[in-house]
Amino acid sequence: MKSSIFMFAATSILFVMSCFLSCTHDSGTSVNKKTFVIYLKTEGGGSLSLSQNFVEVGAGDTVTLAAYADSSREFDKWTHGQNIRLLPNLTDSIISFTACGDDTLTAWFKLKLYTVLISSSNNRYGAVSPGIQQVSYNGSFTVIASVKRGCRFVEWVVDSGIMTVDDRYNDTTSVNSVLSDGKIRGVFELIPGDSGVVYVDSASTLPVNEQDGKCWYTAYTDLQTALNAGANKEVWVAKGAYSPSTTAPFSPVSFSKIYGGFDGTEVIRDDRDFVANRTVLDAGDYALTTLRLNEKEKITVDGFILTGAKTGGYNIDINAVQDSLCFVNCIMNNKNQESYGGIIAVGDSRNKVVLFINCVITNIHAKSSAPVNNSTCLLYTSPSPRDLSTS
């Protein structure tokens, strides 16, 4: 009897121990649980939330890891081998994962790029480039302002504290120390006009119906239109070639002063350069004569090349002079050897004076009419004319 009781007790103890071992194995405690080593790396400039370069991960365990970029970088991506399984990300730079074997997990970083928008205060007055720029943290790039004729560049305006410029008043300058997305604006303005001046510029792209001759930006492209408005005013003509649009020659009104040799930006007449900015009056395809001053008085023509007269015409045709006609800093010539026109014709101007100061008559060809046809007027020239034909 006692032997039977002893055998029952022993069997019960073995059963309880078997159940205990079975339970501890199935419940995932440290008995027989595998541990894996995950090596941690960074590339491109940054750090991880774990300071050591590896982490031990038990089978079935979940690890959360964050990546932190340096100030000049931003997080790019995670890479790993086949023994790591990423769980749905908390953010791009914060992840949770499990492991089924040893592996390496790498956080990648890249240069932080900012977007800078560059714009013009008024696209009619000037343009800027580039229009948009991608630039790295603390990086730099160049901006360029292209000014329309009749306008001028004023300054660059930048977002304070985000970037700097080498010279805010220079139309081409470097933008430096970009620290964030931002904007740059190139500021342009019209070159102010003088109420006593009519402006002419053959290179103007402004529509004709917007041209009023009040400043360089709204300058007339048609010279005769400007001459008609020139009484008691100065007419400033920008460099380029001008020809009559009809068979009628150019004809200024009395009491006007016509000046050539401008580049289209001047606000003071003395700033012009009639040698560098050649301003040509040409008879063109329609007219025989280039410039006619019949029954005119008190007219000054200064800083032009007069050319292109055809057979029966002259570069300058003066008739019935009333008073004070003056040509200054001008060249009168035949454009080529096929031109049969004359240079100057003066008629019915008895006892009147026409002044030619610092002027040159050049390129006279055998086929031409008489270069100067005058029998009724006194023509005075400066004693030492400047030879502009070689400029």
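So, here is what we can say about the structure in this document. (Residues numbered from 1 in each chain as written. Predicted model: local features only at pLDDT ≥ 70, side-chain atom pairs only at ≥ 80, totals over all residues. Heavy atoms only, no water.)

## Thoughts on the nonpolar core
Then step 1. Core analysis: the largest hydrophobic core is formed by 39 residues, its most contacted members being Ile316, Phe327 and Met332.
Then step 2. For phenylalanine 327, the residues in contact, after removing those within four places along its chain, are Leu291, Leu293, Val301, Ile316, Ile318, Val354, Leu355, Phe356, Ile357 and Cys359.
Then step 3. By size, the runner-up hydrophobic cluster in this structure holds 22 residues, among which are Val116, Tyr125, Phe153 and Trp156. (Core = buried A, V, L, I, M, F, W, Y, C linked by side-chain atoms within 4.5 Å. Buried < 20%, exposed > 50% of the residue type's maximum accessible area, 1.4 Å probe, protein only. Contact = heavy atoms within 4.5 Å.)

## Points about empty space enclosed by the protein
The gaps of empty space that remain are located by a probe, the size of a water molecule, rolled over the atoms.
Then step 1. This structure, assessed with the given rule, holds two cavities of 30 Å³ or more.
Then step 2. Quantified by volume, the second largest cavity comes out at close to 50 Å³.
Then step 3. In terms of lining residues, the second largest cavity is bounded by Leu223, Leu227, Phe250, Pro252, Ile258, Leu281, Leu291, Val301 and Phe304. (1 Å grid on protein atoms, 1.4 Å probe; cavity = no way out; pocket = protein on both sides within 12 Å on 5 of 7 lines; lining within 4 Å. Points joined across faces, edges and corners; volume = space filled by probe spheres on them.)

## Describing the sheet that holds strand S13 (residues 151-158)
Then step 1. Judged by pairing direction, the sheet is mixed, and its four strands sit side by side in the order S11-S9-S16-S13 without closing on themselves. The strands lining the two open edges of the sheet, one partner per strand, are strand S11 (132-136) and S13. Going across the sheet, the axis of each strand differs from the next one's by a mean of 20 degrees, ignoring polarity.
Then step 2. Where strand S9 (residues 113-120) meets S11, five bridges bridge the pair, whose relative direction is antiparallel. If you follow leucine 113 over to S11, its bridge partner there is serine 136. (Pairing = 2+ DSSP bridges. Helix = DSSP H or I, 4+ residues; strand = E, 2+ residues; numbered from the N terminus. Axes fitted to C-alpha atoms, helices over the stretch in contact; angles between N-to-C directions.)

## Things to note about the pairing of strand S4 (residues 63-69)
Then step 1. Here strand S2 (residues 46-48) pairs with S4 via three bridges, running antiparallel. Across the sheet, leucine 48 pairs through a bridge with alanine 67, a residue of S4.
Then step 2. Note that S4 and strand S7 (residues 94-99) share four bridges and pair antiparallel. Looking at S7, one finds that valine 63 is bridged to phenylalanine 97.

## Describing the packing of aromatic side chains
Then step 1. Scanning the model with the defined rule gives twelve aromatic pairs in all.
Then step 2. Ring plane angle 65 degrees and centroid distance 5.0 Å describe the contact between tyrosine 199 and tryptophan 216, whose orientation is recorded as edge-to-face. On the criterion of sequence distance, the pair formed by tyrosine 199 in strand S17 (residues 197-200) and tryptophan 216 in the loop between S17 and helix H2 (223-228) is long-range, its members being 17 residues apart. The exposure classification of tyrosine 199 matches that of tryptophan 216, with both residues buried. (Phe/Tyr/Trp six-rings, centres within 6.5 Å; stacked < 30°, edge-to-face > 60°.)

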